[in-house]
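Secondary and tertiary structure notes
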Amino acid sequence: MKKLFLVVFSCLCFQNLKAQSLTFGLSDYTILAKKPAGILHGISGIEYITAKKQWHLASDRGNYFIFDSISNIRDFENRQNLAISKKTGYWFEAIRFDPKYSTFLYAVENEYKPNNETNDTTTYVSYYDSFPPAYLIPPMHLPADNKGIEAIAVTDSGAVWIAPEAGWQGETEFGNDTIHFWKFDRKNSGYSEAIPYTYVIDRSGCPLSTTEKRGGISEILAVKENQLLVLERCYDEKVSKKIKAKLWQVTVDGATLKKDPAPAFDFNDNFPFVVDNLEGMAWWPGDNEKRQILLVTDDNPGLKNSQRTQLILLKEK
């Protein structure tokens, strides 16, 4: 009888773990006008602040936008003229707000080499409860060209997860698929030391690309204290000339972040249009039983490219 109980208990635990796996389907999308029309260009960070019912969007060239009264994703384009717009000077790659501690966090990625836009070659994560900001991860040189810090997630307890785009120094090269996420537990006066967790990044998506063979993590979201959604993508410039992207649910398993057997969403599996440079991701407000995620693409600087900002809404199945 005891053995039978253990077998049944084990099966129930396995079923519960399996049932926790998230999968999403496409709910809605819109594609904004080409540059120079509108203001939403180069968007790399997005966050919803529930207490203020505001959407915050940030670009990787220092622009910051605040939107009120957004009821559907087409409102972002329709209400562009009503948005609060600011020039900050920060090259944002991720923005997050922790409602428990009223803390704003952001990741910045500058250039790998000095150029005519900036001499800053650092990437870092800062936060502030009150001005001035403090560093969660102090400025460091980018570990690889265009591969800094792009992803932040905040759990309900206030813990912060940080993911490098392609790994920290010494982890970025093709052939090395194990990188580390860092977790910072929240303390009333600040944050703990970084706790590392191993993560296996997909280096196989774009192996022939001269710029993207390393792959890249462009954003993460907290599902629970020990579960994240990880957005991986790369640009397959040599073969398909398309972005390859998958959304993965991962779960803490000891000192490892373990991926589900299948992605929560594959942007190249019967998607109705060619997805572009996915950069930002945030929970859409609404029904907690069937959660939704809003994603935004970065249409990159310059007027010569034909890229357009895309807004994509996924809904939990």
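Procedures and definitions
Within each chain, residues carry numbers counting from 1 in the order of the written sequence. It should be noted that, the model being predicted, local features are given only for residues of pLDDT at least 70 and side-chain atom pairs only at 80 or more, the latter also being counted only at that level, while totals for whole chains, interfaces and linings use all residues. Calculated side-chain values reflect all of the structure's heavy atoms, with hydrogen atoms and water omitted. Buried residues of nine kinds, namely Ala, Val, Leu, Ile, Met, Phe, Trp, Tyr and Cys, make up a nonpolar core once their side-chain atoms join them within 4.5 Å. Buried, partly exposed and exposed residues are distinguished by accessible area as a fraction of the type maximum, computed with a 1.4 Å probe on protein chains only: under 20%, between the cut-offs, and over 50%, respectively. Secondary structure elements are defined from DSSP: runs of H or I of at least 4 residues count as helices, runs of E of at least 2 residues count as strands, and each element is numbered from the N terminus. Note on definitions: a residue-residue contact is assigned when non-hydrogen atoms from the two residues lie within 4.5 Å. To count as a disulfide, a pair of cysteine sulfur atoms needs to be within 2.5 Å. Following DSSP output, two strands are said to pair if at least two bridges run between them. Each Phe, Tyr or Trp ring, with Trp reduced to its six-membered ring, pairs with another whose centre is within 6.5 Å; inter-plane angles below 30 degrees give stacked pairs, above 60 give edge-to-face pairs, and intermediate values give tilted ones.

Observations regarding the nonpolar core
F24, L229, L247, F267, L295 and I312 are the most contacted members of the largest nonpolar core, which has 21 residues in total. Mapped by element, the contributors of at least two residues to this core are β16 (217-224), β17 (227-236), β18 (242-253), β21 (278-284), β22 (292-297) and β23 (310-316). No other element matches β18, which puts three residues into this core. Once residues lying within four places of it in the same chain are set aside, the contact partners of F24 are L229, L247, A264, F265, W283, R291, I293, L314, K315, E316 and K317.

Here's the deal with the state of the cysteines
Tallying each qualifying case throughout the model produces one disulfide. C206 shares a disulfide with C234; S-S distance 2.1 Å. Taking the sign of the torsion about the S-S bond as the criterion, the disulfide between C206 and C234, at about 75°, is right-handed. Of this pair, C206 sits in the loop between β15 (195-200) and β16 while C234 sits in strand β17, and the two are 28 residues apart along the sequence.

Some points on the pairing of strand β11 (residues 160-164)
Counted residue by residue, β11 has five buried out of five residues, so it is predominantly covered. Side-chain alternation along β11 places V160, I162 and P164 on one buried face and W161 and A163 on a second face that is also buried. Between strand β10 (residues 149-154) and the antiparallel strand that follows it, β11, lie five residues; G158 among them carries a positive phi value of about 100°.

Some details on the packing of aromatic side chains
Inspection of every chain in the model, using the stated rule, returns 21 aromatic pairs. Relative to F273, the ring of Y29 has its centre 4.6 Å away and its plane inclined at 45°; by these criteria the two rings are tilted. Here F273 lies in the loop between β20 (265-266) and β21 and Y29 lies in strand β1 (residues 24-31), a separation of 244 residues in the sequence. Given a relative accessible area of 34%, Y29 falls into the partly exposed group.

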